[in-house]
Number of protein chains: 2
Amino acid sequence: MSIVDRLAAARGDAKADLVLRNANLVNVVSGEIYPTDIVIHDRHVVALGAGYSGRQTVDLSGMFVAPGLIDAHVHVESSLVTPAEFARAVLPHGVTTVITDPHEIANVLGLEGMRYMLENAKRGPLNMYVMASSCVPATDMETSGARLEAEDLAQLVDHPWVLGLAELMNYPGVALGDEGMLDKIALFAHLALDGHAPDMSGAMLNAYVAAGVQSEHECTTLEEAREKLRLGLTIFIREGTTTRNLKPLLPLVNEANHGAICFCTDDRIPADLIDHGSIDHMIRIAITEGVDPLLAIRMGSFNTARHFGLKKYGAVAPGKYADLVVVEDLRDFRPAQVYRGGVLVAADGTMTAPAAPQRRIDLRSTVNLPSTNLDFAVPAESETIRVIGTVADQVVTEHLVERARIVAGCAVSDVERDILKFAMVERHRASGAIGLAFIKGFRLKRGAIAGTVAHDHHNLAVIGADDISMATAVKAIARMGGGLTVADGQDVLASLPLPIAGLLSDLPIEEVRRRYDRMIAAAHALGNRMSDPFMVMSFMGLEVIPKLKLTDQGLVDVEQFKLTPLFV
Amino acid sequence: MSIVDRLAAARGDAKADLVLRNANLVNVVSGEIYPTDIVIHDRHVVALGAGYSGRQTVDLSGMFVAPGLIDAHVHVESSLVTPAEFARAVLPHGVTTVITDPHEIANVLGLEGMRYMLENAKRGPLNMYVMASSCVPATDMETSGARLEAEDLAQLVDHPWVLGLAELMNYPGVALGDEGMLDKIALFAHLALDGHAPDMSGAMLNAYVAAGVQSEHECTTLEEAREKLRLGLTIFIREGTTTRNLKPLLPLVNEANHGAICFCTDDRIPADLIDHGSIDHMIRIAITEGVDPLLAIRMGSFNTARHFGLKKYGAVAPGKYADLVVVEDLRDFRPAQVYRGGVLVAADGTMTAPAAPQRRIDLRSTVNLPSTNLDFAVPAESETIRVIGTVADQVVTEHLVERARIVAGCAVSDVERDILKFAMVERHRASGAIGLAFIKGFRLKRGAIAGTVAHDHHNLAVIGADDISMATAVKAIARMGGGLTVADGQDVLASLPLPIAGLLSDLPIEEVRRRYDRMIAAAHALGNRMSDPFMVMSFMGLEVIPKLKLTDQGLVDVEQFKLTPLFV
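What counts and what doesn't
- Residues numbered from 1 in each chain as written.
- Chains lettered and ligands numbered in written order.
- Predicted model: local features only at pLDDT ≥ 70, side-chain atom pairs only at ≥ 80, totals over all residues.
- Heavy atoms only, no water.
- Helix = DSSP H or I, 4+ residues; strand = E, 2+ residues; numbered from the N terminus.
- Rg over C-alpha atoms; globule rule 2.2 N^0.38 Å.
- Buried < 20%, exposed > 50% of the residue type's maximum accessible area, 1.4 Å probe, protein only.
- Contact = heavy atoms within 4.5 Å.
- Axes fitted to C-alpha atoms, helices over the stretch in contact; angles between N-to-C directions.
- Parallel < 35°, antiparallel > 145°, perpendicular 65-115°, else oblique.
- Left-handed = near helix turned anticlockwise from the far one by under 90°.
- Nonpolar A, V, L, I, M, F, W, Y, C, P; charged D, E, K, R; others polar.
- Phe/Tyr/Trp six-rings, centres within 6.5 Å; stacked < 30°, edge-to-face > 60°.
- Lys NZ or Arg CZ within 6 Å of the ring centre and 35° of its normal.
- Pairing = 2+ DSSP bridges.
- Least-squares fit on C-alpha atoms with pLDDT ≥ 70 in both.
- Salt bridge = Lys/Arg side-chain N within 4 Å of Asp/Glu carboxyl O.
- Buried area = accessible area lost by both parts, 1.4 Å probe.
- Polar contact = N/O pair within 3.5 Å; in protein donor to acceptor, adjacent residues only side chain to side chain.

Draft legend 1. Local environment of the overall build of chain A. Helices and strands together make up the secondary structure of chain A, namely 17 helices and 30 strands. For 568 residues, the compact-globule estimate of 2.2 N^0.38 gives 24 Å, and the C-alpha radius of gyration of chain A, at 24 Å, lies within 12% of that figure. Overall size of chain A, expressed as C-alpha extent along the three principal axes, is 85 × 50 × 45 Å. A total of 568 residues make up chain A; the buried ones form 66% of that total. Considering only intrachain contacts with a sequence separation of at least 6, the fraction spanning at least 24 residues in chain A is 68%.

What follows is the structure in structure tokens.
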């Protein structure tokens with residue numbers, strides 16, 4: 001089939017594949033909601049209006065039809081499953097297109113990781129666009145599995161599934177005119193350039209935007225979002241599993257500015273995707289909070305397509321792909337039917353399309369630790385230490401200074417005061433590099449938790465009440481070739497293998513969710529009270545988000561943007 | 001200077017070229033108007049906010065700053081002057097960017113004509129983007145000076161000043177799947193595809209849009225605009241010299257849909273540009289008619305930039321080109337200062353920038369008529385003729401059927417009943433082809449008017465009360481190598497030479513305007529009462545606009561889209 005067939009169907013000279021009758025169309029272009037038939041042929045909407053006949057007809061009387069939802073910025077890897085499984089999770093929620101930055105897998109596997117995502121983008125029922133990861137590694141204060149310079153990214157510029165350059169996390173570097181960053185920006189200047197500049201403001205923010213950055217998804221306060229919007233940035237409001245910015249930022253949205261606002265999830269874990277959904281979840285919250293449904297739907301579809309120049313997405317109109325969401329109640333936006341390319345792929349929260357055949361992509365194993373035992377000892381250099389202070393529901397941390405508990409000349413975990421040892425073990429090259437520090441907020445009374453998901457370098461993070469538990473956890477992860485684990489003394493209490501780059505499971509998402517829940521329960525049994533200690537831990541090594549973080553090179557004072565000693 | 005210098009100025013680490021202090025910024029992104037300083041360096045806005053110092057400072061207290069205006073669709077040739085002169089006319093009106101379809105000159109000179117425009121786009125103080133002319137010739141029912149197929153246009157796809165494919169005027173061809181049209185569409189599908197489908201509706205319109213068309217500037221009624229907007233087309237509201245659609249279409253505009261609406265002028269003659277302006281004129285009218293100034297300004301700048309993917313235009317923000325309009329009174333939008341690339345190019349309605357050096361571009365002469373005298377005789381085949389009925393202020397015509405005045409076996413002009421002879425003389429190849437018909441509305445009591453501006457083929461159009469006057473007018477034009485003329489018997493009453501392609505003068509626009517006024521006065525002296533008979537005549541050969549038109553091949557019934565005999 002071709003454009004010629006589509007035009008014949010549009011003219012009514014040939015039967016269409018499918019006619020959706022009596023739909024209440026949410027017309028995101030004209031800003032109206034009104035009844036019409038929607039005519040679909042050869043993957044596309046070809047016509048709106050009465051008088052068409054189709055080989056198949058679906059009566060949608062009383063139902064509303066909106067464009068397929070678009071996630072403006074998501075790391076698929078945060079779902080801990082393969083792209084195919086991720087698709088199975090979000091499609092029933094009406095998300096038909098995602099713009100993904102594969103920088104987790106790119107930090108582990110470089111271009112091989114990007115190709116893994118692009119290979120997956122080509123098949124399967126989800127439109128998966130890719131942004132070229134701009135900061136691999138995030139900074140020079142970490143050891144990642146790969147390094148991607150402008151000359152590496154150059155081969156992605158003309159790739160049909162690549163939309164631009166992903167979040168420019170080295171925001172000081174960009175604003176200060178770092179040559180490598182500017183080279184990457186120049187390469188993608190005619191495409192989309194995503195930002196990432198938490199708390200950046202004033203003159204430095206002006207410079208960052210002047211470099212060509214077009215969007216920002218890191219706003220956490222109204223004031224911050226307003227300043228960035230005024231500088232011309234498209235604001236991607238984010239509602240991730242940990243970073244919940246939607247309610248705080250919704251007061252920003254009004255009729256006059258909403259065109260420059262989009263929705264994104266950034267990072268969501270399996271349970272969140274399964275229980276709450278994705279962009280649909282954000283639309284429901286927005287409407288509950290008083291946003292007009294038309295505006296909420298635009299921010300979850302049309303605005304994003306327009307921002308990224310995705311001409312055939314984000315609206316239900318002739319010539320666009322027939323990616324549609326059908327809901328019964330516009331105010332309780334629950335996708336009853338989801339069409340992608342005119343094919344019903346999900347109904348009532350469940351996939352109806354058969355799983356697409358997956359091409360097997362062999363990736364090398366990625367957990368490479370020294371053969372000798374790791375040494376977690378921290379010889380005391382003074383009695384005062386810097387401590388990473390976690391903040392509830394945030395990926396930012398406090399930069400605390402505390403008295404150290406010193407035993408036999410070494411600083412050790414102090415479970416009474418909830419100051420736990422935190423190690424970041426380099427796991428790509430078996431270099432033996434290990435960062436050692438202390439962290440507050442995990443409340444483990446005993447045992448340890450560990451994982452190879454640690455943004456963005458994805459070294460092996462381990463937090464524990466004692467060194468033996470920490471060593472047990474690390475060994476368990478080495479055996480699995482990557483994953484998450486909870487250990488207590490010599491015992492492994494629970495594990496989730498993530499054999500794909502130490503980031504992704506090869507299991508169905510429901511199974512990953514069950515195992516993940518067991519992991520959290522095991523951590524809770526040791527004293528942790530966070531809703532998701534593994535997610536929180538995974539951001540404690542991300543040295544581009546303030547204030548104090550740990551990499552395999554040591555503690556990073558993010559505000560100073562340099563390594564800082566543990567002992568004060 | 002480079003991006004590195006701009007970032008330094010944005011950070012405040014280096015002095016900026018220019019700081020506009022205390023401007024009331026019309027922020028088209030955030031939808032707000034508020035005071036701020038605007039910092040400009042190396043052609044770009046680099047920062048908004050206080051605390052910057054510049055080598056030059058301008059205090060704008062009390063003034064408003066909006067983005068430079070953008071004309072979404074204009075044929076520069078309608079100004080009858082060179083692009084440099086056109087720039088001189090529109091820049092003082094705040095228009096810093098135009099998206100032009102050079103299809104007039106392309107119909108005469110083919111790619112040579114397009115290259116003439118693109119060469120001009122490279123220099124001069126106006127940003128001139130070009131759409132590749134899609135319909136040269138408009139149809140096969142005319143003889144034009146060139147034929148541009150997909151393979152000819154292919155070389156323009158990657159040109160930095162080419163934004164896409166210009167108005168797809170062969171709208172039945174597109175909807176019916178004409179192979180040549182689809183080839184052109186496929187070539188430019190990733191870029192902008194402008195529409196042109198007057199009065200098209202229903203299933204055929206669906207097919208036209210399904211082909212990939214993205215905009216429409218031919219709407220004349222609210223109902224038509226609403227149907228097209230609902231199908232996802234961006235509506236370019238047009239206010240040309242002849243086609244004044246702004247007031248009829250303004251009731252369409254509201255807060256919820258204005259993002260998909262832009263302003264364009266399409267065709268404006270010199271007097272109109274000088275006396276009324278361009279997009280600024282539309283903004284003034286829109287505001288007077290009750291449109292919020294912010295929305296009006298967006299439709300004249302931001303929306304257009306976004307539609308065409310012009311990332312560095314249409315907003316005043318870091319990283320964008322410093323194309324700015326300064327006005328004193330937001331409600332009476334009269335540009336007091338105009339900056340292009342941070343340089344003041346016009347103030348108080350007058351250019352301040354020196355004329356850019358023009359590269360001489362030699363074009364071949366384009367008026368090629370047979371050496372023998374033309375025969376305007378119309379032997380009567382019956383007593384009833386089709387007559388083209390002009391409609392006040394419209395380019396559409398009525399398809400009339402009238403009794404012919406027959407003298408000596410030939411149908412002749414009937415000045416009493418205002419049925420005048422109308423000839424369209426092929427002037428590109430000296431083929432001798434001549435279309436002969438009759439037209440109502442020009443009211444000449446004697447004499448003839450003629451011109452080589454006749455959309456889109458630009459053959460030689462002549463309307464007269466008698467054959468001798470018509471022959472005199474044609475000869476005068478041949479002598480000038482193209483132009484407009486008014487003749488009476490053997491006398492030439494007034495002339496305007498248009499030596500560049502028979503379309504453009506090489507004189508300053510003020511002089512062209514004076515001569516043009518004299519032409520109209522001369523036509524009025526012969527009985528015509530139209531405000532601009534030459535403009536009206538120039539559309540009487542455009543066989544893609546209903547209902548009855550004349551080409552060198554004969555009368556065209558546009559609704560049937562075929563040649564039709566003069567005699568009924």
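Draft legend 2. View of helix 1 (residues 3–11) of chain B. Residues of helix 1 of chain B that are buried: Arg 6, Leu 7, Ala 8, Ala 9, Ala 10 and Arg 11 of chain B. Tucked into the core, helix 1 of chain B has its buried residues touching helix 6 (171–175), helix 7 (179–188) and helix 8 (202–210) of chain A together with strand 1 (16–27), strand 2 (32–41) and strand 3 (44–48) of chain B. Trailing helix 1 of chain B by a residue or two, Gly 12 of chain B shows a phi angle of about 85°, which is positive.

Draft legend 3. Just the packing of helix 1 (residues 3–11) of chain A against helix 8 (residues 202–210) of chain B, in detail. Closest axis-to-axis distance for the helix 1 of chain A/helix 8 of chain B pair is 7 Å, and the angle between their directions is 155°. The angle between helix 1 of chain A and helix 8 of chain B falls in the class roughly antiparallel. The handedness of the crossing between helix 1 of chain A and helix 8 of chain B comes out as right-handed. Taking contact as the criterion, the partners of Ile 3, Leu 7, Ala 10 and Arg 11 of chain A in helix 1 of chain A are, on helix 8 of chain B, Ala 203, Met 204, Asn 206, Ala 207 and Ala 210 of chain B. Split into classes, the residues belonging to the contact of helix 1 of chain A with helix 8 of chain B amount to seven nonpolar, one polar and one charged.

Draft legend 4. Region of interest: the packing of aromatic side chains. The final tally for this structure, using the stated rule, is ten aromatic pairs over all chains. One residue, Arg 230 of chain B, lies across the ring of Tyr 34 of chain A, its end atom 3.6 Å from the ring centre.

Draft legend 5. Structural context of the sheet that holds strand 26 (residues 483–488) of chain A. All names here are of chain A. One open sheet accounts for eight strands, arranged 19-18-23-22-25-24-26-27; its pairing is mixed. In the strand order of this sheet, the two ends are held by strand 19 (397–403) and strand 27 (491–497), each with one partner. Neighbouring strand axes in the sheet, compared pairwise and without regard to direction, differ in orientation by 25° on average. With six bridges joining them, strand 26 and strand 27 adopt antiparallel strand pairing. The residue of strand 27 that forms the bridge with Leu 484 is Leu 496. Docked against the sheet, helix 15 (residues 467–480) engages strand 22 (419–425), strand 24 (448–451), strand 25 (460–464), strand 26 and strand 27, running at close to 145° with respect to strand 26.

Draft legend 6. Region of the structure containing the relation of the copies chain B and chain A. Mapping chain B onto chain A calls for a screw motion: a turn of 180° about the axis and a shift of 0.0 Å along it, with 0.1 Å RMSD after fitting. Overall, the copies show the geometry of a two-fold rotation axis. Interface overlap between copies is the fraction of interface residues in one copy that are interface residues in the other; for chain B against chain A it reaches 98%, indicating a shared surface.

Draft legend 7. Spotlight on the pattern of salt bridges. Following the criterion strictly, the structure yields 60 salt bridges over all chains and no others. Counted as one network, the salt bridges with shared partners bring together Glu 239, Arg 244, Arg 268 and Asp 272 of chain A.

Draft legend 8. Representation of the sheet that holds strand 29 (residues 554–557) of chain A. Residue and element names in this part refer to chain A. With antiparallel pairing, the three strands of this open sheet are ordered in space as 28-29-30. The outermost strands of the open sheet, each flanked by one partner alone, are strand 28 (548–551) and strand 30 (562–563). Where strand 29 and strand 30 come together, two bridges link them in antiparallel fashion. Within strand 30, the residue paired with Asp 557 across the bridge is Lys 562.

Draft legend 9. Spotlight on unusual backbone geometry. Residue and element names in this part refer to chain A. A cis geometry characterises the amide bond from His 455 onward to Asp 456, with omega recorded as -15°. Checked against the element boundaries, Asp 456 lands in the loop between strand 24 and strand 25. Following Pro 546, the chain continues into Lys 547 via a peptide bond in cis, with omega recorded as -5°. Along the chain, the position of Lys 547 falls in the loop between helix 17 (533–539) and strand 28. Look at Leu 80: it is not a glycine, yet its phi comes out positive at around 65°. With respect to the helices, strands and loops of the structure, Leu 80 is situated in the loop between strand 6 (69–74) and helix 2 (83–90). Here Leu 80 falls in the buried class, since its relative accessible area comes to 5%. Backbone geometry at Ala 430 places phi at a positive 50°, although glycine is not the residue there. Mapped onto the elements, Ala 430 comes out in the loop between strand 22 and strand 23 (434–440).

Draft legend 10. Seen up close, the pairing of strand 19 (residues 397–403) of chain B. All names here are of chain B. Sheet analysis places strand 18 (residues 384–390) next to strand 19, joined by seven bridges and oriented antiparallel. Bridge pairing links Thr 384 to Arg 403 in strand 19. Between the end of strand 18 and the start of strand 19, which pair antiparallel, lie six residues, with Asp 393 showing a positive phi angle near 60°.

Draft legend 11. Spotlight on the environment of Ile 38 of chain B. Residues and elements named next belong to chain B. If you trace the backbone, Ile 38 turns up in strand 2. The spatial distance from the C-alpha of Ile 38 to the C-alpha of Arg 147 is 48 Å, given a sequence separation of 109 residues. Not counting chain neighbours up to four residues away, the residues in contact with Ile 38 comprise Leu 18, Val 19, Leu 20, Ala 23, Leu 25, Val 45, Ala 47, Leu 48, Val 65 and Val 316.

Draft legend 12. Region of the structure containing the interface of chain B and chain A. Counting residues at the interface gives 49 residues for chain B and 48 residues for chain A. Interface area, chain B with chain A, both sides summed: about 3,800 Å², of which 59% is carbon and sulfur. Among the residues chain B hides against chain A, the three largest losses belong to Arg 11, Arg 230 and Lys 311 of chain B. Together they make up 17% of the total. The tally of links from chain B across to chain A stands at two salt bridges. Where Arg 230 of chain A meets Glu 32 of chain B, a salt bridge forms, and the shortest distance between an N and an O atom there is 2.9 Å. For the pair chain B and chain A, the interface holds twelve residue pairs in polar contact (both at pLDDT 80 or more).

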